[in-house]
Each structure stands twice: as C-alpha cells, then as structure tokens.
Amino acid sequence: MTAKQVDANNHDQISQLGGRVLDGGHISRVEALWLINLESSGDILDLLSWANRIREKFKGNKIHLCSIVNAKAGACSENCSFCSQSAHYQTGAPKYGFVDPEPVAEAGQEAKNNSVTAVGLVAAWKGLNEGPMLDEVCARVREMKAAGNTRPDVSLGLIKSQTVADRLKEAGVECYGHNLESSRNFFPQTCTTHTFDDRLETIGHLKKAGIKICSGGIIGMGETREDRCDLAFELKAIGANVVPVNILNPIPGTPFAKLAPLPVLEILKTIACFRFILPRQEIMIAGGRTVNLRDTQSMIFMAGASALMVGNYLTTLNQPVEKDLQMLKDLGLDPNWDSHDFSDQEQTGCGCGRGNCETEIAVEKDAQSLCHAAQLTT
Ligand code: SF4
C-alpha cells in the first residue's frame, strides 16, 4: 500500500460508482474488483468517503448493536482452521454443555441496559437436529422472548431439516447467524468436515421458515481480494440481512495461528467494498475488531459499517461496551432502534435508480437489461 495523492481518473470512477449506488443502483463484480484493487491511501480514503455517504443514505445515523452468549462451548466436531473451539486443535478454550437460563437472562438484561438490539445464543457444535437439545434451545429462546429485553437470535450450526427451522421460528427466533465464512472457492481451505453447500442448504431452510439471515465471513485467512468480493456477492445472492465481517484473530494452536494480520487500510477498504455491494444490508464489524484495528476502530463507520458486535466474543475479549457507546456518541451515531424489522432493506425495482421502476429485483449480472427505463437511456 503506497501513500500518494488521489488519482483524478480513479476519483472520477469511484465517484461514478458511488453515485450509482447512492441512486439505488448496483455495481458489477468487475467494478467491485476494480474498487478492491485500489492501492494508494488517497484512493482508499476517497472510497471510504463514498461508502460513508451510502451508509448515511440507507441507514441514517442508526447503528445496530448485537452481542452474543457462548451457549455451548468447545469440543466441536468440525475442523474450521480459524476456530479455537474445534476439538481438532489444542487451544485451551473453555468447554461446557448447553447454557442454563440464568446467564442468558443476565445477558439479555445487560444488553437492554446498553441499547443492544439482539442477543445471539451461539453453540459450538456441527448442527442442530430434532430431539431433546432442540427442545432445550427452544425453551431458552422462549424465555428470552418472554423477558422482552432484546431480540433472541441464535447461531446453532447446520440445519438439515425444515422441521428444525420451523420449530425455531415458532419458538420466536427472528434472525439466525450462519456465516458462509469465505468465498466458495476458498471455503475448502478453511474447513473440510462440512461444505459450502451444507451452509447454503441451512440458509435455504431458514429462509423458508421465514427467519432473517445473519451471514458474513472472516477476512485475513489467506484469501484473495477476489475471494472477499465473491463472498459479498454470495451474501447478496442469499439475501443476508446482517453481514458480519470478522477479521481473523489468529488463535495459538489453530492452523491459522501464524497468519500475518491484514493492514488496517486493507480491512477498511474491504468494508467499504462490502457497503458498495450491499448498500442496504447491516454490515456488522464483529470478531477481531479491537486487535486488528486498534485506534482506527471508529473509521469502520466511515468505511460503511452500520452494525457492531459489542461485549466479549466467543473466546476472545472485546473492548468494554461503554467505550463503544462513547465512540458512537462522539460520532453522532445512534444505537437505539424502537424495533429493527429490516424493512429499511427493502428495495423496489431493478436498481436502476428510478423510484417507479417495476422490474423484479434480480441479483444476476444483467438484471438491468430487463428494465425498460434503463434500456431507454443506455
Ligand atoms: S466455527 Fe463453529 S462449526 Fe467450526 S469449529 Fe468452530 S464452533 Fe465448530
């Protein structure tokens, strides 16, 4: 990454793409690759300023806050190379069975006190099947719902049956966390005990049950910039509502322990490209934020982030939530949502930018070719 002035040609191209997204349009994969390959700090900061405008246009000053409870820790059968909870690696991470009601109730109350919209129960296991464990999970969700403190979210691994997804919905789950982790191309280098398609199948069941999707990935695992763009387009294709961007925090004992950290500007540029590709989604900066971004954390909002994971992560520490709330206040950002039902993510038309466009939304490359208004002007 080199520090030099903003290139005038690059400035024009970034402005053109940014303006199109602001008008409700889309960028193509080729255009996204061009953005993510910008190298100079001047161009990257130029990109960030457009990502900030896009965030402001679609999100105003609202920031969606989430926190998580490690509802079942360690001894996971899967071999995800970044994860301290896999039984395949010696990491010293805690191990315990499914969580009792009390810690979940405490987390819900604490979250409410801190303006946190949702608390997610996260379990370290391969997936959830029908049986007593599903009953227990549903009981915890019902308790959270009855307490009324926050939205009860869950992240419970692979789901192979529609019945499980339907039961979760019935219990009160509104949003399910299930990351794609990386591009289809790179995924086999992160895990070999299940596949990218297993993850897509799970998301299919959840969507059919009417559950919103929280799905993103991890950057800094050795993937290319192209992989990062492909992940963002996959997330657009599946209609993810919340997109967590985790930045690898290399855990001693895991296969990714020795990977070099991504440069800060590379991380911010990636967030900005996600905002260009996913203008209406919640882009949530999650694990690895503090350790990788250090004093530049507040720049994630200028890069287009509209959501933040607060409180501690599953097995690593975050900065205190009070510090995050102060950061938002200092930036004029507001974490308070009366209710976040994701209606702000709805879009009519093909993305040509015309408010009266009636072309059905499609994420295929040539969606706009179906648009009558776009044909008239191209
Ligand atoms: S990421 Fe999830 S599925 Fe993979 S090893 Fe960790 S807990 Fe298991």
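Residues numbered from 1 in each chain as written. Predicted model: local features only at pLDDT ≥ 70, side-chain atom pairs only at ≥ 80, totals over all residues. Heavy atoms only, no water.

### So, the overall build of the protein
- Scanning the protein from terminus to terminus reveals 13 helices and nine strands.
- By residue count, 57% of the 378 residues in the protein fall in the buried class.
- Counting only contacts in the protein whose residues sit at least 6 apart along the sequence, the fraction spanning at least 24 positions is 75%.
- If you sum the accessible surface of the protein, you get close to 16,200 Å²; carbon and sulfur atoms cover 52% of it. (Helix = DSSP H or I, 4+ residues; strand = E, 2+ residues; numbered from the N terminus. Buried < 20%, exposed > 50% of the residue type's maximum accessible area, 1.4 Å probe, protein only. Contact = heavy atoms within 4.5 Å. Areas by Shrake-Rupley, 256 points an atom, 1.4 Å probe, with all protein chains shown as cover.)

### Some remarks on helix α3 (residues 41-59)
- The terminal C-alpha atoms of α3 lie 26 Å apart, and with 19 residues this matches the ideal 27 Å at 1.5 Å per residue to within 8%.
- Looking one or two residues past α3, Gly-60 carries a phi angle of roughly 60 degrees, positive in sign. (Expected span 1.5 Å × (residues − 1).)

### Quick look at the confidence of the model for the protein
- Residue-level pLDDT values for the protein average 87, and 87% of them are 70 or greater.
- The spread of mean pLDDT over the elements of the protein runs between helix α13 (residues 372-377), the lowest at 45, and helix α9 (residues 264-277), the highest at 98.
- Throughout residues 361-365 the model reports pLDDT below 50, and contacts reaching past four residues in sequence, or to other chains, amount to six contacts.
- Of the regions scoring below 50 in pLDDT, residues 373-378 engages in seven contacts with residues more than four places distant in sequence or in other chains. (pLDDT = per-residue confidence, 0-100.)

### A short note on the site of the ligand
- Every residue close to the ligand is listed here: Cys-76, Glu-78, Cys-80, Phe-82, Cys-83, Ser-86 and Ala-124.
- Of the residues contributing to the shell around the ligand, the split by class is five nonpolar, one polar and one charged. (Near = heavy atom within 4 Å. Nonpolar A, V, L, I, M, F, W, Y, C, P; charged D, E, K, R; others polar.)

### Details of unusual backbone geometry
- The backbone of Ser-115 sits at a positive phi, close to 60 degrees, despite the residue not being glycine.
- For Ser-115, the position within the fold is in the loop between α4 (101-113) and β2 (118-123).
- A relative accessible area of 24% places Ser-115 in the partly exposed class.
- Positioned with a positive phi, Glu-181 is a non-glycine residue whose angle comes to about 75 degrees.
- Following the sequence through the fold, Glu-181 ends up in the loop between β4 (175-177) and α7 (196-209).
- Classification of Glu-181 as buried rests on a relative accessible area of 8%.

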